[in-house]
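Descriptive structure summary
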Amino acid sequence: MSDKPQFEVPEAGRELGERNVGMAEALGDPDLHSAATMYLGVIYHERGDFRRAIELLRLGLDFLKEDPLRDYPGMVGLRSIFSHLWVARSFAELGRFPE
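All of the points below concern the structure found in this document. (Residues numbered from 1 in each chain as written. Predicted model: local features only at pLDDT ≥ 70, side-chain atom pairs only at ≥ 80, totals over all residues. Heavy atoms only, no water.)

**Digging into the environment of Ser 83**
- Relative to the helices and strands, Ser 83 resides in helix 4 (residues 79-94).
- Residue Ser 83 is classed as buried on the basis of its relative accessible area, which comes to 1%.
- Sequence-wise, Ser 83 and Arg 58 are 25 residues apart; in three dimensions their C-alpha atoms are separated by 7.7 Å.
- Ignoring anything within four residues of it in the chain, the contact list for Ser 83 reads Met 38, Leu 57 and Leu 61. (Helix = DSSP H or I, 4+ residues; strand = E, 2+ residues; numbered from the N terminus. Buried < 20%, exposed > 50% of the residue type's maximum accessible area, 1.4 Å probe, protein only. Contact = heavy atoms within 4.5 Å.)

Structure, rendered in structure tokens:
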């Protein structure tokens, strides 16, 4: 694994992701919140902040505990699978394989 992110995510992308999470929280929409935290977690992963990525991705997964197969309009796959994939990649980047 590399210490360098796969590609550079502009700061504006991270800021927009943070705003999206804030809006989802303000609206009290768990589906929107889980999708927003998932995408923001991927942004943090790509920026090389794997601990923050894991934190956000797990937060998004918390919203899916009741129905992990719940679909979200516009998503290509299931959020739970996508989120677990990025959590695993982040742990791998940190060398924390047992988790």
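**So, the packing of helix 1 (residues 11-27) against helix 2 (residues 30-46)**
- Closest axis-to-axis distance for the helix 1/helix 2 pair is 9 Å, and the angle between their directions is 160 degrees. In terms of their interaxial angle, helix 1 and helix 2 are classed as roughly antiparallel. When the axes of helix 1 and helix 2 are compared, the crossing they make is left-handed. Between helix 1 and helix 2, the residues in contact are Gly 13, Arg 14, Gly 17, Glu 18, Asn 20, Val 21, Ala 24, Glu 25 and Leu 27 and Leu 32, His 33, Ala 36, Thr 37, Leu 40, Ile 43 and Tyr 44, respectively. (Axes fitted to C-alpha atoms, helices over the stretch in contact; angles between N-to-C directions. Parallel < 35°, antiparallel > 145°, perpendicular 65-115°, else oblique. Left-handed = near helix turned anticlockwise from the far one by under 90°.)

**Things to note about the nonpolar core**
- With 16 residues, the main nonpolar core has Leu 40, Tyr 44, Leu 57 and Val 87 as its most contacted residues.
- Of all the elements in the fold, those that place two or more residues in this core are helix 2, helix 3 (50-62) and helix 4.
- Beyond its immediate chain neighbours, meaning those up to four positions away, Leu 57 contacts Met 38, Gly 41, Ser 83, Trp 86 and Val 87. (Core = buried A, V, L, I, M, F, W, Y, C linked by side-chain atoms within 4.5 Å.)

**Let's talk about the pattern of salt bridges**
- Applying the stated criterion to the full structure yields five salt bridges.
- Across the pair Glu 18 and Arg 14 runs a salt bridge, and its minimum N-O distance is 3.7 Å. Taken together, the positions of Glu 18 and Arg 14, both in helix 1 and four residues apart, correspond to about one turn of that helix.
- Assessed through its relative accessible area of 27%, Glu 18 is described here as partly exposed.
- Residue Arg 14 is classed as buried on the basis of its relative accessible area, which comes to 18%.
- For Arg 79, the salt bridge goes to Asp 31, with nearest N and O atoms at 3.4 Å. With a gap of 48 residues between them, Arg 79 in helix 4 and Asp 31 in helix 2 connect regions that are remote in the sequence. (Salt bridge = Lys/Arg side-chain N within 4 Å of Asp/Glu carboxyl O.)

Read these as geometric descriptors, not functional statements.
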